[in-house]
Amino acid sequence: MTITEHPLVKSYLATMARETAGLSPERRNELLADLEEHIVVALAEESASGDDEIRTVLTRLGDPRTIAATALGDELPAPQVSRGRTLALLGLLAVTGPLTVLAPLLGVPVLIGAIWWLWSAPQWRNRDKVIGTAAALVPLLFVVAQFVFAAGTLNFGLGAFIPVLLAVLALPAAAGVYLLRSAGRP
């Protein structure tokens, strides 16, 4: 068991995570990582292994509520995002697949707009935005591949083409579901 898995340390960090819920995800993750690193170093310097020694080190670090209040005071509150705007963006992202494949002249501008909107939305981490962008670009890559490769070059038959096409069309919708689930996560 590592020192960060000790029940007292886990409880301290969980309290800190709850108290910093109002911070932006990037700032909150940075603060929690810095605090965890600080705890590991402080416990190693003190050679703390018992509950009383760990409590002493955690007490010296400070009350999680006080640390969180200080961090929240240093940062503007995280912007509140309406559920309607989130659902509208995810719906737009989901239709980019069929639009890009069936009507590329309309689908590509909609795809660009959806990706721009995704990256300007504050409710997702960069990792989630990269996943959403990659999934949204797959139909465009599919369309480009159809023009780049001659029709006879990728002759895998209609039996294989239809499942591939369905998967390509469903991928942006699946990414939308993933983003919807991750929008609520801190």
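From a predicted model like this one, the values you see are computed outputs, not experimental measurements.

Novice: Outline the overall build of the chain, listing residues and values.
Specialist: Broken down by element type, the chain carries 8 helices and 0 strands. Ordered by position from the N terminus, the helices and strands of the chain form the series α-α-α-α-α-α-α-α. When burial is assessed residue by residue, the chain has 32% of its 186 residues classed as buried. Across the chain, contacts joining residues at least 24 apart in sequence account for 69% of those joining residues at least 6 apart.

Novice: How would you explain the packing of helix 1 (residues 7-19) against helix 3 (residues 51-61) if you had to name every residue and give the values?
Specialist: Any two packed helices are characterised by the angle at which their axes cross and by the distance between the axes. Following both chains from N to C, one finds helix 1 and helix 3 inclined at 25°, their axes separated by 9 Å at the closest point. Here helix 3 runs roughly parallel to helix 1, going by the angle between their axes. Crossing handedness for the pair helix 1 and helix 3: right-handed. Facing Leu8, Val9 and Tyr12 of helix 1, the residues of helix 3 in contact are Asp51, Ile54, Arg55, Leu58 and Leu61. Taken together, the residues of the contact of helix 1 with helix 3 break down into 6 nonpolar, no polar and 2 charged.

Novice: Can you tell me about helix 3, naming the residues and giving the values?
Specialist: Buried within helix 3 we find Ile54, Val57, Leu58 and Leu61. In an axial view of helix 3, the angular spread of the buried residues amounts to 95°, which keeps them on one side of the axis. Projecting away from the buried face of helix 3 at angles above 90 degrees are the exposed residues Asp52, Thr59 and Arg60. One or two residues past the end of helix 3 sits Gly62, with phi positive at roughly 120°.

Novice: Please set out the environment of Leu171 residue by residue, giving values where relevant.
Specialist: Mapping Leu171 onto the fold places it in helix 8 (residues 157-183). For Leu171, a relative accessible area of 34% gives the class partly exposed. In the structure, Leu171 is positioned 35 residues away from Ala136 in sequence and 7.2 Å away in space, judged by C-alpha atoms. Residue contacts for Leu171: discarding those within four places in its chain leaves Ala135 and Val138.

Novice: Summarise the nonpolar core; cite the residues concerned and give the values.
Specialist: One finds Val9, Tyr12, Leu35, Ile39, Leu43, Leu58 and Leu61 to be the most contacted residues of the largest nonpolar core, which totals 15 residues. Contributions of two or more residues to this core are made by helix 1, helix 2 (25-46) and helix 3. Listed in part, the 11 residues of the second largest apolar core include Ala114, Leu118, Ala121 and Leu179.

Novice: Give a detailed account of the confidence of the model for the chain, specifying residues and quantitative values.
Specialist: Across the chain, the average pLDDT comes to 80, with 84% of residues at or above 70. Ranking the elements of the chain by mean pLDDT puts helix 8 last with 78 and helix 6 (residues 104-120) first with 89.

Novice: How would you explain the side chain of Gln123 if you had to name every residue and give the values?
Specialist: Structurally, Gln123 can be placed in the loop between helix 6 and helix 7 (126-148). Side chain to side chain, Gln123 and Thr86 meet in a polar contact 2.7 Å long.

Novice: Give a description of the pattern of salt bridges that names residues and reports values.
Specialist: The tally for this structure, following the rule as stated, stands at 5 salt bridges. Between Asp52 and Arg55 there is a salt bridge, with its nearest N and O atoms 3.2 Å apart. Remark: Arg55 and Asp52 occur in helix 3; sequence separation between them is 3 residues, near one turn of the helix. In this structure, Arg125 and Asp128 form a salt bridge, with 3.3 Å as the shortest nitrogen-oxygen distance. You can call Arg125 partly exposed: its relative accessible area is 27%.

Novice: If you had to explain helix 2 to someone new, which residues and values would you point to?
Specialist: Taking 1.5 Å per residue, 22 residues should reach 32 Å; helix 2 reaches 31 Å between its end C-alpha atoms and fits that length. Positioned one or two residues after helix 2, Ser47 has a phi angle of 55°, which is positive.

The rules behind these values
Residues numbered from 1 in each chain as written. Predicted model: local features only at pLDDT ≥ 70, side-chain atom pairs only at ≥ 80, totals over all residues. Heavy atoms only, no water. Helix = DSSP H or I, 4+ residues; strand = E, 2+ residues; numbered from the N terminus. Buried < 20%, exposed > 50% of the residue type's maximum accessible area, 1.4 Å probe, protein only. Contact = heavy atoms within 4.5 Å. Axes fitted to C-alpha atoms, helices over the stretch in contact; angles between N-to-C directions. Parallel < 35°, antiparallel > 145°, perpendicular 65-115°, else oblique. Left-handed = near helix turned anticlockwise from the far one by under 90°. Nonpolar A, V, L, I, M, F, W, Y, C, P; charged D, E, K, R; others polar. Arc of directions from axis to C-beta. Core = buried A, V, L, I, M, F, W, Y, C linked by side-chain atoms within 4.5 Å. pLDDT = per-residue confidence, 0-100. Polar contact = N/O pair within 3.5 Å; in protein donor to acceptor, adjacent residues only side chain to side chain. Salt bridge = Lys/Arg side-chain N within 4 Å of Asp/Glu carboxyl O. Expected span 1.5 Å × (residues − 1).

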